[in-house]
Amino acid sequence: GFVSLLPGGERAADAIWLDGREMARGGTMELRHAGWDSTRGFDRQRVIDPDVCSCCQTDAVRVGNDLLVVYRDHAAGEIRDISMIRRTESGWEAPSRFSDDGWHISACPVNGPAIDAQGDHVVVTWFTQAKDEPKVLARFSTDGGHQWSPTLRIDQGDPIGRVDVSMLADGGWAVSWLENETTDAAILLRRFDSERGALDEAIKLGQTGAQRDSGFPQIGHDGQQLWATWTETSRPSRVRLSMIRW
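So, how was this worked out
Per-chain numbering applies: the sequence of each chain, read as written, is numbered from 1 onward. With the structure being a predicted model, the display of local features is reserved for residues of pLDDT at least 70 and the display and counting of side-chain atom pairs for 80 or more, all residues being used for whole-chain, interface and lining totals. Based on all heavy atoms of the structure, the side-chain values leave hydrogens and waters out of the count. In short, DSSP must find at least two bridges between two strands for them to pair. The helix and strand labels rest on DSSP assignments: H or I over at least four residues marks a helix, E over at least two residues marks a strand, and numbering proceeds from the N terminus. Only heavy atoms matter for contacts: two residues are in contact if any of them lie within 4.5 Å across the pair. Identification of polar contacts relies on pairs of N or O atoms within 3.5 Å, with a donor-acceptor requirement for protein atoms, meaning one able to donate a hydrogen and the other able to accept it, and with residues adjacent in sequence counted only if both atoms are side-chain atoms.

Caption draft 1: Layout of the sheet that holds strand 13 (residues 135–141). On the basis of which strands lie adjacent, the open sheet formed by four strands has the order 11-12-13-14 and antiparallel pairing. Since the sheet does not close on itself, it has two edges, and those belong to strand 11 (114–118) and strand 14 (152–153), each with one partner. Sheet topology places strand 13 next to strand 14; two bridges connect them, and they run antiparallel. Among the inter-strand pairings, Ala138 is bridged to a residue of strand 14, identified as Leu152.

Caption draft 2: Quick look at the environment of Arg87. Take Arg87: it is sitting in strand 8 (residues 82–88). When the C-alpha atoms of Arg87 and Ile48 are compared, they prove to be 9.8 Å apart, with 39 residues separating the residues in sequence. When residues no more than four places from it in sequence are discounted, the contact partners of Arg87 are Asp14, His33, Arg62, Asn65, Asp66, Leu67 and Trp92. Here His33 takes part through its side chain, which lies 3.4 Å from a polar atom of the side chain of Arg87.

Caption draft 3: Expanded view of the pairing of strand 22 (residues 238–244). Of the pairings in the sheet, the one linking strand 21 (residues 226–232) to strand 22 comprises seven bridges and is antiparallel in character. Pairing of Leu226 across the sheet is with Ile244, part of strand 22. Linking strand 21 back to strand 22 in an antiparallel pair, the connection comprises five residues.

Such coordinate-based values are descriptive only and should not be taken to indicate function.
Printed below as a string of structure tokens:
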């Protein structure tokens, strides 16, 4: 599960997912890829990382002819930080550690990263609770993901995570996440202003439960405005939609 599916040109696509067939035999969770087009169907599945975190969502984006995949990795000592893999026209490169948080956790947090791109501008956001300090973090690139900015802290001090990210038309970007409140969770949104090179103040879109059934808020830009949607867990539960003119 936790599939990322990307269009790959006319009538073609790439799929990246967590694959548990080896884990079911006592092995590890794998990250796999398969390409598809309308004439050949699916290519042979390829393992692109043989040992990853078992139930955090994946995300992927195209940057020119390259494919960038981000996911929560699994390393010796139960370290679960974010890694990235790039596929070029020459094939898949080796996975590289994208964050160096050192989050030691002996179970999957179900809290994966998010990535978006526009031209050569790429941004990645993720949640960590390394050293028992929860944080929502982000890094961005202006050269197609080859060099990255220092890590920026996005949250307000007590985040739950469940992040999403979207590039904006002006070259900036926005991150959404859940932040703990007294009883529930706030759905927050924060913009990076590309002209100032700095983060704006966070704004509150709404409120939901802090439990798993509130899910993952989603954001996306249509070229003119940013759309945000989330589950509100009051009874009866509702799906909310908001538009921000960014």
